[in-house]
Amino acid sequence: MKADRLLSILLLLQTRGRVPATELAGRLEVSVRTIYRDVESLSAAGVPVFTERGRHGGISLLPGYRTDVTGLTADEARALFVLSAQGAHSDLGLDGALGSALRKVMAALPAPHRPAAERITERILVDPARWLQSGPAAGAAAGPELGELQYAVFADRRLRLRYRHSGTPAPVEYTVDPYGLVSKAAVWYLVADLHGEPRLFRADRVLAAETTDEAVRRRPGVGLGDAWAVLREQVERLPKELPVRVRVRRGRLDMFVRIHGGRVTAPPPEAGAGPAEEWVEVAMVFPSPAAVRSLLAFGADAEVLNPPAARRELARAAADALRLYQEPVRD
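Just so it is clear, the structure is predicted and the values come from calculations on it, not from any experiment.

**Q** I tried to follow the pattern of salt bridges on my own but got confused; where do I start?
**A** Pairing between side chains becomes possible if they bear opposite charge and their charged atoms approach one another. Per the stated rule, a full pass over the model turns up 19 salt bridges. A salt bridge links Arg158 to Glu214; its shortest N-O distance comes to 3.6 Å. Of the two residues, Arg158 is situated in strand β4 (residues 157-163) and Glu214 in strand β8 (residues 206-215); the sequence distance between them amounts to 56 residues. According to the relative accessible area criterion, Arg158 is buried, its value standing at 12%. Judged by its relative accessible area of 32%, Glu214 falls in the partly exposed class. The salt bridge involving Glu313 is made with Arg293; its shortest N-O contact spans 2.8 Å. Taken together, the positions of Glu313 in helix α11 (residues 308-326) and Arg293 in the loop between β10 (279-286) and β11 (302-306) put the pair 20 residues apart, joining distant regions of the chain. Using a relative accessible area of 34% as the deciding quantity, one classes Arg293 as partly exposed. Through salt bridges with shared partners, a single ionic network connects Arg158, Asp177, Glu214 and Arg217.

Structure follows, in structure tokens:
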């Protein structure tokens, strides 16, 4: 609605000062011509708004002019309550209400507090989906050092960490350059550079954290969103499928395909043709050599021919089973 758009323009100008007409048009998803018509409407209503032409021009309010717009609609209030679950406002159709509510809150803040409020989006990200896009999940305890991590993030200082990696009993120490904090499926992570490379640290595995006096050394032009996108892609990148060539006794081929058909990449010969002891080669794919262990269920009726890593994995599994059954049963 035009009234909402006029109010949004007024709040943006009050918060930002001079704003180019093209930026206003982009934010409000209208044409530049519409923005200029809205400015004329504001001026006719008594708002001291004016435009300046030229390279550094834009639309602005007369210095000192403020309007008190603090009332929130029901939708805007709901949008604020779902901010903790990024993306939920989109699901509820509250994108526009969210933007409008945040502009009102920002306009109501005292000027000295606005930079800190604006930096929230530069230092904190919320991603409610599980890893590998499997949906929302319940989180874990944030860890006792989350407050210190947050302090270093907003103070733009380097961090000394004592960190325990998964599956490693002994902690290690790092000095890192933090970009910000990410809540992924309600689990908090520190996104930071270690020796100039992006790294992800779970907050609940940080045993100790100390903010140093050294200024943070972030890579030029890289923000929290950029670093997070790289790390998320690394974690969620699915492993390449491993091609595996298997020979199967023809008499067991029908059952083999029935069980493992989802991994077969080419139609094998029909099970009923040829003598029962004849071997049939089957092309398959697996996510890793370890996944090939499932073929042991066919015993000597299926043999992996390639790759060597898959053969070695099956040999280890068979040797482990042999050692287990060679031992006498204990009562």
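**Q** Please clarify how helix α8 (residues 146-155) should be interpreted in this entry.
**A** Residues spaced three or four apart along an α-helix point in a common direction, a consequence of the helix completing one turn every 3.6 residues. Inspection of α8 places Leu146, Leu149, Ala152 and Val153 among the buried residues, and these make up the whole buried set. Looking straight down α8, one finds its buried side chains confined to an arc of 125°; they lie on one side. Of the residues trailing α8, Asp156 is marked for its positive phi of about 55°.

**Q** Could you clarify how one ought to interpret the packing of aromatic side chains in this entry?
**A** Each aromatic ring pair is summarised here by two numbers: the centre-to-centre distance and the angle between the ring planes. The full count for this structure, using the stated rule, is 3 aromatic pairs. Taking 5.1 Å as the distance between ring centres and 85° as the angle between the ring planes, the aromatic pair formed by Tyr163 and Phe201 counts as edge-to-face. Of this pair, Tyr163 sits in strand β4 while Phe201 is found in strand β7 (residues 197-202), placing the two residues 38 residues apart along the sequence. In this pair, the class of Tyr163 matches that of Phe201, namely buried. Directly above the ring of Tyr174 sits Arg199, whose terminal nitrogen or CZ lies 5.6 Å from the centroid. The ring of Trp279 carries Arg247 above its face, with NZ or CZ at 4.0 Å from the centroid.

**Q** Looking at this structure, I do not really get the side chain of Thr212. What am I missing?
**A** Counting through the fold element by element, Thr212 comes out in strand β8. The exposure class of Thr212 is buried, given its relative accessible area of 6%. One polar contact links the side chain of Thr212 to the main-chain amide nitrogen of Glu214, over a distance of 3.2 Å. Residue contacts for Thr212: discarding those within four places in its chain leaves Arg157, Arg158 and Arg160.

**Q** Would you take a moment to explain the nonpolar core for this structure?
**A** Burial of nonpolar side chains together is a common tendency in soluble globular proteins. With 18 residues, the main nonpolar core has Val246, Phe256, Met284, Val292, Leu295 and Val304 as its most contacted residues. For this core, the secondary-structure elements that each account for two or more residues are β9 (242-249), α10 (253-260), β10, β11 and α11. When residues no more than four places from it in sequence are discounted, the contact partners of Val304 are Val244, Arg245, Val246, Val292, Leu295, Ala310, Arg311 and Leu314.

**Q** Explain the packing of helix α2 (residues 21-28) against helix α3 (residues 32-44) to me, please; I cannot follow it from the model alone.
**A** Geometry of a packed helix pair, given as the angle between the helix axes and the separation of the axes. Packing of α2 against α3 brings their axes to within 8 Å, and their N-to-C directions diverge by 100°. Here α3 runs roughly perpendicular to α2, going by the angle between their axes. When α2 is examined against α3, the residues Ala21, Thr22, Leu24, Ala25 and Leu28 are found in contact with a partner set consisting of Val32, Ile35 and Tyr36. Taken together, the residues of the contact of α2 with α3 sort by class into 7 nonpolar, 1 polar and no charged.

**Q** What am I meant to see in the sheet that holds β10 here?
**A** Within a beta sheet, neighbouring strands are joined by backbone hydrogen bonds and run either parallel or antiparallel to one another. In spatial order, the strands read β10-β9-β11; together these 3 strands make up an open sheet with antiparallel pairing. Among the strands making up the open sheet, the edge pair consists of β10 and β11. For this sheet, the mean inter-axis angle between neighbouring strands, taken without regard to orientation, is 35°. Of the strand pairs in this sheet, β9 and β10 are connected by 8 bridges, and their pairing is antiparallel. The residue of β10 that forms the bridge with Val248 is Val280. With respect to the sheet, α10 is in contact with β9, β10 and β11, its orientation differing from that of β10 by roughly 5°.

**Q** What should I look at first to understand the side chain of Glu145 in this one?
**A** Here Glu145 shows up in the loop between β3 (124-127) and α8. Arg162 provides the closest opposite charge to the buried, salt-bridge-free Glu145, at an N-O distance of 9.1 Å. Among the polar contacts made by the side chain of Glu145, one reaches the main-chain amide nitrogen of Ala209 at a distance of 3.5 Å. What Glu145 contacts, discounting residues up to four positions off in sequence, is Val206, Leu207, Ala208 and Ala209.

The rules behind the values
Residues numbered from 1 in each chain as written. Predicted model: local features only at pLDDT ≥ 70, side-chain atom pairs only at ≥ 80, totals over all residues. Heavy atoms only, no water. Salt bridge = Lys/Arg side-chain N within 4 Å of Asp/Glu carboxyl O. Helix = DSSP H or I, 4+ residues; strand = E, 2+ residues; numbered from the N terminus. Buried < 20%, exposed > 50% of the residue type's maximum accessible area, 1.4 Å probe, protein only. Arc of directions from axis to C-beta. Phe/Tyr/Trp six-rings, centres within 6.5 Å; stacked < 30°, edge-to-face > 60°. Lys NZ or Arg CZ within 6 Å of the ring centre and 35° of its normal. Polar contact = N/O pair within 3.5 Å; in protein donor to acceptor, adjacent residues only side chain to side chain. Contact = heavy atoms within 4.5 Å. Core = buried A, V, L, I, M, F, W, Y, C linked by side-chain atoms within 4.5 Å. Axes fitted to C-alpha atoms, helices over the stretch in contact; angles between N-to-C directions. Parallel < 35°, antiparallel > 145°, perpendicular 65-115°, else oblique. Nonpolar A, V, L, I, M, F, W, Y, C, P; charged D, E, K, R; others polar. Pairing = 2+ DSSP bridges. Lys, Arg positive; Asp, Glu negative; His and termini not counted.

In short, the description is geometric, and any link to function would need to be established separately.
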